[in-house]
Amino acid sequence: MTSRLGRLAVALVATAGATLGVTVANPSPASAAMTICYNTSQAGSYAGTANQAASIWNNATVNLTLSANCGSNLRIYQITGGGSYAVRTSLGNGRVYIDTQQAAQYSPLRIMTHEIGHILGLPDNYNGNCALLMSGGSAGTSCTNPYPSTTEANRVSNLFAGTFSATDRSADIFRDSWPATLAPVS
């Protein structure tokens, strides 16, 4: 929303400047955003959750747009057992695995948004703070916040603007954000 307001402000200033004979450069046209195509064909019952998570990231950031089923930069998989995790092959590219057992205990939307955050360049932050998306499961099962903090969203926006360099290695695997599933109570 802030970026849209910023672009609107630039357009208004440019229009006013043109009226007065002043030229104002547009620092970044809206079309400069990178598109990350995600594929939900293997996401099973979590395809809708992936769409919601993409919408959250699209609304929170600038310089990138997550778009469904237009390609396979990001593939989403539903698995059972082994825990939810992400494998980033490069910034904006990789795979997200959502474990049905963990999603029965933790908020599936928080898990999905968190794991996509890894693909977008964010590391885990196990501080237990529910306000931070990347704190993952350390915030407990009662935490359902699926939204990145302003700091987390700005970090992603800056990574995709080229302001920061991501610590991209050939492949980063982000496991153990979500504590092991709890044993059933007898």
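The structure under discussion appears in the preceding block.
Residues numbered from 1 in each chain as written. Predicted model: local features only at pLDDT ≥ 70, side-chain atom pairs only at ≥ 80, totals over all residues. Heavy atoms only, no water.

What follows deals with the packing of aromatic side chains. One pass over the structure, following the stated rule, counts 2 aromatic pairs. Summarising the aromatic geometry, the rings of Tyr77 and Tyr97 are spaced 5.1 Å apart at their centres and angled 15° between planes, so their arrangement reads as stacked. Here Tyr77, found in strand 3 (residues 74-79), pairs with Tyr97, found in strand 5 (residues 93-99); they are 20 residues apart in sequence, far enough to count as distant. When its relative accessible area of 14% is taken as the criterion, Tyr97 is described as buried. When the ring of Tyr85 is compared with that of Tyr97, the centres are 4.6 Å apart and the planes differ by 20°; the resulting orientation is stacked. Here Tyr85, found in strand 4 (residues 85-90), pairs with Tyr97, found in strand 5; they are 12 residues apart in sequence, far enough to count as distant. This pair shows no difference in class: Tyr85 is buried, exactly as Tyr97 is. (Phe/Tyr/Trp six-rings, centres within 6.5 Å; stacked < 30°, edge-to-face > 60°. Helix = DSSP H or I, 4+ residues; strand = E, 2+ residues; numbered from the N terminus. Buried < 20%, exposed > 50% of the residue type's maximum accessible area, 1.4 Å probe, protein only.)

You will see that Asn63, though not glycine, has its phi angle at about 75°, which is positive. Along the polypeptide, Asn63 turns up in the loop between helix 2 (47-60) and strand 2 (64-68). Although it is not a glycine, Asn69 sits at a positive phi angle of roughly 50°. In this structure, Asn69 sits in the loop between strand 2 and strand 3.

The residue Asn93 is located in strand 5 in this model. With 26 residues separating them in the primary sequence, Asn93 and Ile119 have C-alpha atoms 6.1 Å apart. If sequence neighbours within four positions are ignored, Asn93 has contacts with Asn73, Val87, Arg88 and Ile119. Polar contacts involving the side chain of Asn93 include one to the side chain of Asn73, which spans 2.9 Å. (Contact = heavy atoms within 4.5 Å. Polar contact = N/O pair within 3.5 Å; in protein donor to acceptor, adjacent residues only side chain to side chain.)

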